[in-house]
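# Close look at the chain arrangement
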Amino acid sequence: MIIRPPVTPSLVRTPFRLRNGHLRPRSSRHTTAPTVHRVQLTGRAQSRFQQLPSDLVTIVPQSGVHARPGRPMATRLKLGLLIPLVILIFSLVQNLDQVQVSPFHRDESRWIGRAFFIQEIFHPFSNTWNDYYITNNQAPFANYIMGIGQFVFGQDISIGRIWDFNYTQAWNELVGAMPTPSEMDAGRRTNALIGAIVAMLVYMVGVRIGNRFGAFIGAAFLACHPLHILMSSQALSDEILALWIVSIFLAAMRFARRPSWQNTTVMAVLLGIGGSTKLTPLLLSFALAGLGVALLVRWRFFPGFSPNPKHERDLGIKLVVQPFIAYFTFVAVFPWLWVDPIGRTYRMFTARAQEMESQGNIWGNLHVATPIDALDRIGVRLSHDYSTTARLGRILADILSFNYQPPSIDLVLGFAGAILFAVLVFRKGIASQYGLLGYLMLCELGIIVVGLKADFNRYHLPIAMIMAICIGYLGSRVWNVLGSMQAWRVLDLIPGIDFVLTGSKAKATRDRSFPRGLRRPQVRPQTPSSAPGNVHELPASSD
Amino acid sequence: MTIRSFANFHASPRHLARVICALWLALVAIGTPLVAAGPQTTATSAIAAQDSTSDLPKKEAKFSEKRIYDPDDLINEEGESSMESDAIKTTRAGIAVVVYIRISDDTPEEAQAFATALYDEWDVESAARKDDGLLIVATVPSDNPRGGFVSFAWGNNTFPVNAVDPDRLEEIREEIIDPYFHQGNIYRGLYIALRQINYDEVFVPGDAPSLNAFQRAIHNILLVAAPVLGIIALLAIIIPWFTKGRWPRALAFIRTRRRMLIGVVTFLVILMPLTVIARSTISVAVCLFVGIALVLDLGFVQPRMARIARAANVRTVHVRPRASYARSAATRSRTTKGQHA
C-alpha cells in the first residue's frame, strides 16, 4: 500500500481506517490488517502514523517536503491551491474592470434574451421548444448558464426578446429586444467569472504538462489577453465554450492517464455539453473516435509499434464510444432535438454553416475564402489586434513614459511552445496524456481554420487559449533549463543573500557545474539559528 | 301597362324607367333564393353584397416585384421602399403579405368586403393554390385623415405561423395600428405592424399541436406507470449500494445484478421514445433519475466496490443458479430415499 501525500489518512481509500493510531477494518468483513510495504507520509499524517508498529509500517519521508507536525493542515498555505486562486482573482478583477466599458454587442441580446431557457428546461414539452428560429439556430447550453447567472444576480428570468439583425437598434429597442442595463450587467458579470475560471483551468492544464511556473505564465498570459478580457466582459457564449474546451482538455489528460469508464464518461459528457454550447466539441468527439480506431488498428495489426498495447487497446475502445455518449448528452440537454434527434441535428449544423457563410457574404471585409486565408486572419487577429505582449509592453511604456509601440511576440512564443510541446508528444507517444492533449488542440485548431468563413474576433478565443497553454509549456521548459543551469545563484552576488537549495534536486543541483565565470557560493545547511530574512528556500522544480 | 312600356320604352323616359324597374325586380326575385341556397363563404357573400367589387383595382406587377400598393400616394417613395423590404422578409418567413393603401369613404364593413374581394381577385398567396396570403387594406377617409383603419383578408392556409394567428393580428391592430392611425401617421402604423408580424412569425413560438387520441392514451398510462416502474428501477439500482456488494435478499426475484441491469436499460430504452411521443414530463423526470442512478452505479459505485474487494483480496465466486441447487437437492433426496429403500 502506498499512501501518497498530501492525502490525509482519513481520505485513504482502503478497507481500513486509522483509528487511535492503529489500522482498523472499516467493516466486519475485513478482519485482518493488510500488509503495508511502504508508506510515504508528510506533515500531520506522519505524526499520526508514528504510533504504528515499525514492522507494519516503514515511514519514508518524502524528500523536499518538510513535515510540520505541530501545525494543522488547514492553516497551511498550499501553493497548489494558492496559485490557482491568485489566477482566478487576477483574471476576475481584470474582467470585471471592463464590464462597464466593453461596447454593446448585438449578440448579447440573444444570449440574455434566451436566458429563460433555464426555466423552460423543466417544461420540456412547452411551446418554447417548438421548431422555430430560436431553437433551430443555436444550441442552448450557454443560455442555461446565462439564465443561472441572471438568477444569481437577482434578475427576472422572464421570456426575453431576441435581437433581430434585419433591423436597426431603434426598432429592436422598440420591440423590447434590447436588454436592460441590469440584465446586461448580470450577464457580463457571469461571463467575467467564467473567464476567470477558464484562466484557472488553463493553469491546471499547464501544471499537468509542465510546472507551476510555466502554468502560471500561461494562465497569466491568457488572463491579460485583450480578446479574453473582451469576451469575458460581454454576455456572449464564447467564454462558456472556452470553459468546456479547457475542461475537455483536462478530462482528456486524466482519461489518457487512466482510461477507466468513469473518465470516459466524464470526457464524453463534457464533449456533449460543449457541443450543446457551440457545436464544435461534437466534432472533436468524432476526431477522438478516429484516433481510437487508429489506436485499435495499431494494437491489432502492428503491435510491435505500440509501447503499451494494453493501454492503447483500452484507450482505443473508449475513444471509439466518445461520439455516442457525447451525442446522447447533446440530445438529452436540448428538448428541441428529442422529436427527431438526427434530422434536427443535421438541420442545425447546416443552418450554422449557412449562417456563417452568409455572415461572410454580408460583411465582405470579414469574408474568409480558404483555410490559408483563415490562417492569415488568425495571425493578424492574434498578433496585431489582440496581443498580450503588446498590451503589457504598452502598459510598461506608459509607466516609464516612453513613446513606444512595442511589437507583439505572442505568436512567436506560442509557436516556440507548440514546437517544444510537439517534441514532448513525439517522445511520450500519442497515447499519453500529452499526446491526447496535443491531438485535441490540433483538432480544435483545425476545425476553426477549416470552418472559419467570417472573421469575427470571438472565433479566435479558443486559439488564444491554446496559445496560452503552449506558452505555459514554454515557460515550464525555460524554468527547468534555468534551474539546471543554476541560474538563481547569480543572485548570490547581491550582498546579504544566501540561497539554500532544498528538496529532491538539491543534491543533484549542487553536484552540477556552476555557470562559468561566477564564483561558486558556499552552500550552508539550514539551521534554526539562521536568520529567516536572509534565507530563501527555493521550491523544488518539477519535471 | 308594363308590357306596353316594354314595347314603347323608347317613346318616353317614363316607359324606360318602368322597364328598368321591372328588370331589377325580376333579377331580385330570381337571385334572392339562389343566394340564400348557396354556400355562405366570406368571399362570395362579400362579392354578392358589394357592388364596389365591380371596379376592383388591377394588379400592377407580380408579387415578387411589388407588394406595396399605394395608388393615392399617401406614403412617400422611401417609405414604400422600406415597407416593400419588410413585406418581402415577412413573405420569406412564411406569410405572403400584400399591403393596399387607399383613400375611400367606405365604412369598415364595406372596406372588409373590399379587402376580401381583392384578396380573391389578386390571388394573394406564395404559390398557386396555396391560399396562404395576407392582404392588409388601409382605408383613409377623404375628409378625415385621422380616421383611417385597416382591414385584413387571409386564406385558409395562412395561419398559424408560429405566434401569428387571427387573434394576434387583432392585437396588432389594436395596439399598434389604431394608435398611429388616430395620430394620422399611416406609414408608421403600417410599417411597425409589418415588422411586428415578421418578428412574431420568426421569433415567437406558437402553440404546439394538441395530443391525438393515441398520444393521449399513452400519456395517461405513463402518468401512473412511469413513476411506479421508475421507483422499482431506482430501488433495484440503489439497494445493492448499501448491502456491501452482496445481492440483497429483497431483490432475489431478479436473481442477479446483470439481469437487473438488462431490465433497467430495457425499461429506459422503451420509456424514452414513449416519453417523447406522449410528451410526458413526469416520464422525463423518471428517465433522468434512473439514468443518473445507472451511470453512478456503472461508472462509480461498482468500480469502487470492485476496488475495495481487490484491496481486501476478496475473490468473486460464481455460484450456480438457485434452480440448479433445487435440482441437485431433489436428486439428492431421491437418492437418499432410494438408499433408505
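Residues numbered from 1 in each chain as written. Chains lettered and ligands numbered in written order. Predicted model: local features only at pLDDT ≥ 70, side-chain atom pairs only at ≥ 80, totals over all residues. Heavy atoms only, no water.

Another aspect to go through is the overall build of chain A. Summing up its helical and strand segments, chain A has 22 helices and six strands in all. Expressed as a percentage of its 543 residues, the buried residues of chain A come to 50%. Long-range contacts, defined as pairs at least 24 residues apart, comprise 73% of the intrachain contacts of chain A with a sequence gap of at least 6. Carbon and sulfur atoms form 63% of the exposed surface of chain A, whose accessible area is close to 26,100 Å². (Helix = DSSP H or I, 4+ residues; strand = E, 2+ residues; numbered from the N terminus. Buried < 20%, exposed > 50% of the residue type's maximum accessible area, 1.4 Å probe, protein only. Contact = heavy atoms within 4.5 Å. Areas by Shrake-Rupley, 256 points an atom, 1.4 Å probe, with all protein chains shown as cover.)

Attention shifts here to the overall build of chain B. A tally of regular secondary structure across chain B gives 11 helices and four strands. Residue burial in chain B is summarised as follows: out of 341 residues, 38% are buried. Long-range contacts, defined as pairs at least 24 residues apart, comprise 65% of the intrachain contacts of chain B with a sequence gap of at least 6.

Turning next to the sheet that holds strand 2 (residues 96-103) of chain B. All names here are of chain B. Read from one edge of the open sheet, four strands run 1-2-3-4, paired in mixed fashion. Every interior strand has two partners, whereas the edge strands, strand 1 (68-69) and strand 4 (149-154), have only one. Bridge count for strand 1 against strand 2 is two bridges, and the pairing is parallel. Within strand 2, the residue paired with Tyr69 across the bridge is Tyr100. On the sheet, helix 4 (residues 77-93) packs against strand 1 and strand 2 and is oriented at approximately 150° with respect to strand 2. (Pairing = 2+ DSSP bridges. Axes fitted to C-alpha atoms, helices over the stretch in contact; angles between N-to-C directions.)

Below, the discussion takes up the confidence of the model for chain B. Residue and element names in this part refer to chain B. Of all residues in chain B, 74% have pLDDT values of 70 or greater, and the mean over the chain is 81. Low pLDDT, under 50, characterises residues 34-52; the stretch is placed with 11 contacts to residues that sit more than four places away or in other chains. As a predicted assembly, this complex carries a pTM of 0.77 together with an ipTM value of 0.73. (pLDDT = per-residue confidence, 0-100.)

The next thing to look at is the interface of chain A and chain B. Contacts between the two partners involve 31 residues from chain A and, on the opposite side, 35 residues from chain B. When chain A packs against chain B, the two sides together hide about 2,800 Å² of surface, and 64% of this comes from carbon and sulfur. In terms of surface lost to chain B, no three residues of chain A exceed A:Phe125, A:Tyr167 and A:Trp171, which account for 24% of the buried area on that side. Our count for the contact surface shared by chain A and chain B stands at zero salt bridges. If you list the elements that add at least two residues to the side of chain A that touches chain B, you get helix 5 (133-137), helix 7 (169-175) and helix 12 (261-278) of chain A. Here the side of chain A that touches chain B is composed, by residue class, of 18 nonpolar, seven polar and six charged. (Buried area = accessible area lost by both parts, 1.4 Å probe. Salt bridge = Lys/Arg side-chain N within 4 Å of Asp/Glu carboxyl O. Nonpolar A, V, L, I, M, F, W, Y, C, P; charged D, E, K, R; others polar.)

Turning our attention to the pattern of salt bridges. Residue and element names in this part refer to chain A. Enumeration over the complete set of coordinates arrives at 17 salt bridges over all chains. Between Arg347 and Asp131 there is a salt bridge, with the nearest N and O atoms lying 3.0 Å from each other. Of the two residues, Arg347 is situated in helix 16 (residues 341-362) and Asp131 in the loop between helix 4 (117-120) and helix 5; the sequence distance between them amounts to 216 residues. A relative accessible area of 36% places Arg347 in the partly exposed class.

Residues and elements named next belong to chain B. Tracing the chain through its elements places Asp106 in the loop between strand 2 and helix 5 (108-122). In terms of polar contacts, Asp106 uses its side chain to reach the side chain of Arg102, at 3.0 Å. When neighbours within four sequence positions are excluded, Asp106 is seen to be in contact with Ala111 and Phe149. (Polar contact = N/O pair within 3.5 Å; in protein donor to acceptor, adjacent residues only side chain to side chain.)

Counted by the stated rule, this structure contains 22 aromatic pairs over all chains. Summarising the aromatic geometry, the rings of B:Tyr100 and B:Trp122 are spaced 5.7 Å apart at their centres and angled 75° between planes, so their arrangement reads as edge-to-face. Highlighted residues: B:Tyr100 in strand 2 and B:Trp122 in helix 5, separated in sequence by 22 residues. Taken individually, B:Tyr100 and B:Trp122 each receive the classification buried, so the pair is uniform in this respect. Here a set of aromatic residues connected by ring pairs shows up, and it is made of A:Phe116, A:Phe117, A:Trp129, A:Phe334 and A:Trp336. Between B:Arg102 and the ring centre of B:Phe114, over which it is positioned, the NZ or CZ distance is 3.9 Å. Its guanidinium or amino end placed over the ring of A:Trp171, B:Arg195 lies 5.6 Å from that ring's centre, counting from NZ or CZ. (Phe/Tyr/Trp six-rings, centres within 6.5 Å; stacked < 30°, edge-to-face > 60°. Lys NZ or Arg CZ within 6 Å of the ring centre and 35° of its normal.)

Let's shift gears to the nonpolar core. The biggest cluster of nonpolar side chains holds 143 residues, and the ones touching the most others in it are A:Phe249, B:Ile136 and B:Leu190. For this core, the element with the highest residue contribution is helix 11 (residues 238-257) of chain A, accounting for 15 residues. Excluding residues within four positions of it along the chain, B:Leu190 makes contact with B:Ile75, B:Met83, B:Val99, B:Ile101, B:Ile136, B:Ala138, B:Val150 and B:Phe181. Counting 18 residues, the second largest nonpolar core, distinct from the first, contains B:Leu222, B:Leu261, B:Phe267 and B:Ala293. (Core = buried A, V, L, I, M, F, W, Y, C linked by side-chain atoms within 4.5 Å.)

Residue and element names in this part refer to chain A. As a packed pair, helix 12 and helix 15 (residues 322-332) sit with axes 7 Å apart at the nearest point and diverge in direction by 50°. As far as their axial angle goes, helix 15 and helix 12 are oblique. Between helix 12 and helix 15 lies a crossing of right-handed hand. Contact residues: helix 12 offers Thr264, Met267, Ala268, Val269, Leu271, Gly272, Ile273, Gly275 and Ser276, while helix 15 offers Gln322, Ile325, Ala326, Thr329 and Phe330. (Parallel < 35°, antiparallel > 145°, perpendicular 65-115°, else oblique. Left-handed = near helix turned anticlockwise from the far one by under 90°.)

All names here are of chain B. Counting buried positions along strand 4 yields five of six residues, so the element is predominantly enclosed. With six bridges joining them, strand 3 (residues 133-140) and strand 4 adopt antiparallel strand pairing. When the sheet's bridge partners are listed, Leu135 is paired in strand 4 with Ala153.

What follows concerns unusual backbone geometry. Residue and element names in this part refer to chain B. The amide bond that connects Phe159 to the next residue, Pro160, takes the cis arrangement and shows omega of -5°. With respect to the element layout, Pro160 can be found in the loop between strand 4 and helix 6 (166-182). In the Ramachandran plot, Arg129 falls in the positive-phi region, its phi being about 65° despite a non-glycine side chain. On the secondary structure map, Arg129 appears in the loop between helix 5 and strand 3. In the Ramachandran plot, Asn162 falls in the positive-phi region, its phi being about 50° despite a non-glycine side chain.

Quick look at the packing of helix 11 of chain A against helix 20 (residues 433-451) of chain A now. Residues and elements named next belong to chain A. Running from N to C, helix 11 and helix 20 point in directions that differ by 150°, and their axes come no closer than 8 Å. Considering their axes alone, helix 11 and helix 20 lie roughly antiparallel with respect to each other. Handedness of the helix 11/helix 20 crossing: right-handed. Every residue of helix 20 that contacts helix 11 at Ile245, Ile248, Phe249, Ala252, Met253, Phe255, Ala256 and Arg257 is listed here: Gln433, Leu436, Leu437, Leu440, Met441 and Glu444. Along the lines of polarity and charge, the residues of the contact of helix 11 with helix 20 split into 11 nonpolar, one polar and two charged.

Okay, the pairing of strand 2 of chain B next. Residues and elements named next belong to chain B. Judged by how many residues are buried, strand 2 sits mostly within the fold: seven of eight residues are covered. Note that the unit made of strand 1, helix 4 and strand 2 has a crossover that is left-handed. Pairing geometry for strand 2 and strand 3, over eight bridges, is parallel. Across the sheet, residue Ala96 finds its bridge partner in strand 3, namely Gly133. After leaving strand 2, the chain enters helix 5 and then returns to the sheet as strand 3, a path that is right-handed. (Right-handed = clockwise from strand over helix to strand, strands pointing away.)

Side chains of A:Leu392, A:Ile395, A:Leu396, A:Ile399, A:Leu400, A:Phe402 and A:Tyr404 sit close together on the surface and give an oily, nonpolar patch of about 720 Å² of accessible area. Judged by relative accessible area, which is 45%, A:Leu400 ranks as partly exposed. (Patch = residues over 30% accessible without salt bridge, like charges linked within 9 Å, V, L, I, M, F, W, Y side chains within 5 Å.)

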